[in-house]
Every structure is written in structure tokens, then in C-alpha cells.
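Spelled out, the chains give:
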Amino acid sequence: MKTIIEKAKDHLQKQQPFVLYKQPDANTVSGLFQLDAKTYTCVDYSEKGFVFAPFNTQEDVFFIPFDKADLFVAPWTPKEIIECPNIISKSLEKEKETHVQLVQKGINQIGLGDFKKVVLARKESVALTNFNLEDVFSQMTSRYTNAFVYAWFHPKTGLWMGASPETLVKINEAYFETMSLAGTQQISESLDHIDWGAKEKEEQLLVTQFIQEQLYPVSSSLSIGEVQTAKAGNLLHLRTKIHGEVLKGLPVVKTLIEKLHPTPAVCGLPRDKAKQFILSQEANNRKYYSGFLGLLNTSDLQSELYVNLRCMELSGDIANLYIGGGITQESDPEKEWEETVAKSLVMKKVLS
Ligand SMILES: C=C(O[C@@H]1C=C(C(=O)O)C=C[C@H]1O)C(=O)O
């Protein structure tokens, strides 16, 4: 019998939709392989399948329907992590200048009172030598065991891979769990004593408040946890877990997705103004970066959706990495640049 990876390679060759994924801390890897070559798009999130949604809510949301696909689940054991020197040798001076200017523009706009926070991103292209889906996927799953790791292919989107640390929402009938994740620092020597700056605390609080305001009117119960430090690869983030129940009579999945996506963890606040700024000022279309993906309406009415972060688009012999960070009035453009460099290492390490 073919392995999941061999099936994925076959599907890629035939340009037929598939997704490989490993849920956080799971000891299995799953593969969903579409049986036909048709394109299925979500209309109202009542669909059942694996969904892949872009950042921009005006664009198509694709999915692989469960009833038009074969599902394979295989045991997973970690592979040895291969440490290679960083593959990136080219100078990033030009990219740095462009990103610093974009961040400064964002800070100026915040100063004018247009919005309080905006998440600004950049794209970095890395040349690939001998890309091998199996090696990259197994390095991703072995390095980022507590992330949602995936490889998605669809003729309409191309091949994307990523290791997301952020749950958009998990749903079980009317019950949901989500999180406010923002604020970033690199892991230092001592994990016992972690200090968070005022800027990081504020940007994360804005996300929590947004989620609370969005979900309160549609929930019969809503509970906000304590702020914690969460580890994601070489990085730490501030995280607050939030859970509750959707009011009876509302379409649960549609309501939650529309209220949450995109949160100020990847867009900004107020949402529409920040989104307009992103769409008009970022040099690259984000496509599926900072969109969401995952299981939609499984047979037992569960959904498990993740924000598409720490991801890349693989196109020929180029990997396009997408990375961003939250900008507030207190941001220092130089530090924001460094944050994107640190975040870019998550995917660069698996491409080495
Ligand atoms: C925007 C990204 O990450 C988001 C932004 C963060 C921040 O601004 O500190 C932290 C985690 C994510 O919610 C990204 O990884 O590209």
C-alpha cells in the first residue's frame, strides 16, 4: 500500500487537491486526497471538508469535501532534527529598508488616529535546491510538535506549507474555544524569568478585547482566561484562551468565523480601517497567509481552524515566506524588522 507521502506526491504530480496535516501534539498524520479534479468553494461554512481561506474575505474560500475524498491516517514518530547552516546568504538590506518604511507609515497613520494597531507583513523569497515534500514535511512535524503542521495543494492556490501556532477557533456543536495570540520575543537562555514589554502587553490586550467584543453579543456564555506565555518554535507569544457557547438559533460556524476572521492578531484595530491600510500599502498580496485553514464540520459536528501563519507558498524552485508583526504607536521599526527575521526562521530552518 502506498504511504501517505507517496499519495501526496502522486496527487501533486496529477495536480489534484490534497492536504497533509498533523494536529498539535498528535501522534498521527492525516492525508485527505480529493478523488476528482473539481473546484469546491465555501458559501456559508455549512460545508463539510478541509477548508483553505485567504486573508481577504472578498476572495474565494476553497475546500476539499470529505465525501469527495479519501482520508488516510498514519502513525507519526518524530524524525531526527537536521541542523543545517542558515540557507539564506543574500543580503536583506533592500527588504529591510522597504519594511522599515512600511512600519513607519503604519506608526504615522496610528498617530493620525486612523487605527490603534495594524499588522504589517512582508514576503521573502528563498531559492530552493532539491525541494522534497517528504523531507520538509517531516522536519516541520518533528520541529514544531505543538503546531498545526500542514501541506496543502490545490490547482487554484498552488502548494502551501506551514506550522501554525494559532487557533482561529475550535468548535464542538455550539461550544467554542479560541485564543488571543500576540506579542513576540525570541526564546532566551532562561525560560524561568520572562519579561514582557508594555508594547507587547498592549497589542495582545487589544486582540483579547476585540475577541470579547465580537463574541459577547453572539454568546450565551463567554469566559476569558489568564494571559500566559506560549512557545512556538524559536519564539514566545502572549496568549489568552477564550471559550464559550454560541446563542441558540445562530449558525454556529459561520457566526464564529465572521466575527473572528481576521482578528487584530493578523489585521488590526479597528478591523476595516486596518485592513484597508494593509491592502493598499503592503507590496505583496497576502493570498492565504493570515487566512485560515482546517477541518470544517466533521461527522460529529466539530471544526478545528487555525490561522495560516509561519507559512510559505512553494512555486517552482522558489519558496515565498510570508511574515508580519503587530504595529502600535509604541513600535520601533528596527525591532519590528528583527521580529519578522526571527519569525522567518521558523520556515527557513525546515528548508535547509
Ligand atoms: C503576523 C504574524 O504573527 C502574529 C503576530 C504576532 C505579533 O505581532 O507579535 C504574534 C503572533 C501572531 O498572532 C506572523 O507570524 O506573520
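Parameters and conventions
Residues numbered from 1 in each chain as written. Predicted model: local features only at pLDDT ≥ 70, side-chain atom pairs only at ≥ 80, totals over all residues. Heavy atoms only, no water. pLDDT = per-residue confidence, 0-100. Near = heavy atom within 4 Å. Polar contact = N/O pair within 3.5 Å; in protein donor to acceptor, adjacent residues only side chain to side chain. Areas by Shrake-Rupley, 256 points an atom, 1.4 Å probe, with all protein chains shown as cover. Salt bridge = Lys/Arg side-chain N within 4 Å of Asp/Glu carboxyl O. Helix = DSSP H or I, 4+ residues; strand = E, 2+ residues; numbered from the N terminus. Buried < 20%, exposed > 50% of the residue type's maximum accessible area, 1.4 Å probe, protein only. 1 Å grid on protein atoms, 1.4 Å probe; cavity = no way out; pocket = protein on both sides within 12 Å on 5 of 7 lines; lining within 4 Å. Points joined across faces, edges and corners; volume = space filled by probe spheres on them. Nonpolar A, V, L, I, M, F, W, Y, C, P; charged D, E, K, R; others polar. Arc of directions from axis to C-beta. Contact = heavy atoms within 4.5 Å. Core = buried A, V, L, I, M, F, W, Y, C linked by side-chain atoms within 4.5 Å. Axes fitted to C-alpha atoms, helices over the stretch in contact; angles between N-to-C directions. Parallel < 35°, antiparallel > 145°, perpendicular 65-115°, else oblique. Left-handed = near helix turned anticlockwise from the far one by under 90°.

I'd like a description of the confidence of the model for the protein chain, backed by residues and values.
Across the protein chain, the average pLDDT comes to 95, with 98% of residues at 70 or higher. Listed scores for the predicted complex are pTM 0.97 and ipTM 0.99.

Tell me about the site of the ligand, residues and numbers included.
Taken together, the neighbourhood of the ligand is formed by 18 residues, with Glu166, Thr184, Tyr289, Arg310 and Gly326 sitting nearest. Taking Gly183, its main chain carries an N or O atom lying 3.0 Å from an oxygen atom of the ligand. Taking Glu203, its side chain carries an N or O atom lying 3.4 Å from an oxygen atom of the ligand. For the ligand, whose free accessible area comes to 390 Å², the fraction covered by protein is 100%.

For the pattern of salt bridges, give the residues involved together with the corresponding values.
Following the criterion strictly, the structure yields eleven salt bridges and no others. With a closest N to O distance of 2.6 Å, Lys96 and Glu334 form a salt bridge. Here the residue Lys96 occupies a position in helix H2 (residues 93-111), and Glu334 occupies one in helix H7 (residues 333-351), the gap between them amounting to 238 residues. For Glu334, a relative accessible area of 36% translates into the label partly exposed.

An account of empty space enclosed by the protein is needed here, citing residue identities and associated values.
Under the definition given, this model contains four cavities of 30 Å³ or more. Looking at the lining of the largest cavity, the elements that each hand over two or more residues are strand S6 (117-127), strand S10 (175-186), strand S17 (318-327) and H7. Of all the elements, S17 adds the most residues to the lining of the largest cavity, at five residues. Residue composition of the lining of the largest cavity, by class: nine nonpolar, six polar and six charged. Every residue along the wall of the second largest cavity is listed here: Tyr144, Asn146, Ala147, Ala163, Ser164, Pro165, Ala232, Gly233, Arg310 and Val346. Partitioning the lining of the second largest cavity into residue classes produces six nonpolar, three polar and one charged.

Explain helix H1 (residues 4-14) to me, using residue names and the numbers behind them.
Of all the positions in H1, only Ile4, Ile5, Lys7, Ala8 and His11 are classed as buried. Relative to the axis of H1, the buried residues are bounded by an arc of 160° and lie together on one face. Along H1, exposed side chains directed more than 90 degrees from the buried face belong to Gln13 and Lys14. Next to the buried residues of H1 lie strand S1 (18-22), strand S2 (28-34), strand S5 (69-75) and helix H3 (133-143). Among the residues trailing H1, Gln15 stands out with phi positive, at a value near 60°.

Mind laying out the nonpolar core, listing which residues take part and the relevant values?
Formed by 54 residues in total, the largest nonpolar core has its most connected members in Phe50 and Tyr150. Excluding anything up to four places from it in sequence, Tyr150 contacts Leu20, Tyr21, Phe52, Phe137, Met140, Trp160, Met161, Gly162, Leu293, Asn308 and Cys311. Listed in part, the 33 residues of the second largest apolar core include Val126, Phe153, Ala319 and Ile323.

How would you sum up the packing of H1 against H3? Please name residues and give values.
In the contact formed by H1 and H3, the axes pass within 10 Å of each other and the chain directions differ by 130°. As far as their axial angle goes, H3 and H1 are oblique. With respect to the hand of their crossing, H1 and H3 are arranged in right-handed fashion. Judged by residue contacts, Ile5, Ala8 and Lys9 of H1 engage Leu133, Glu134 and Phe137 from H3.

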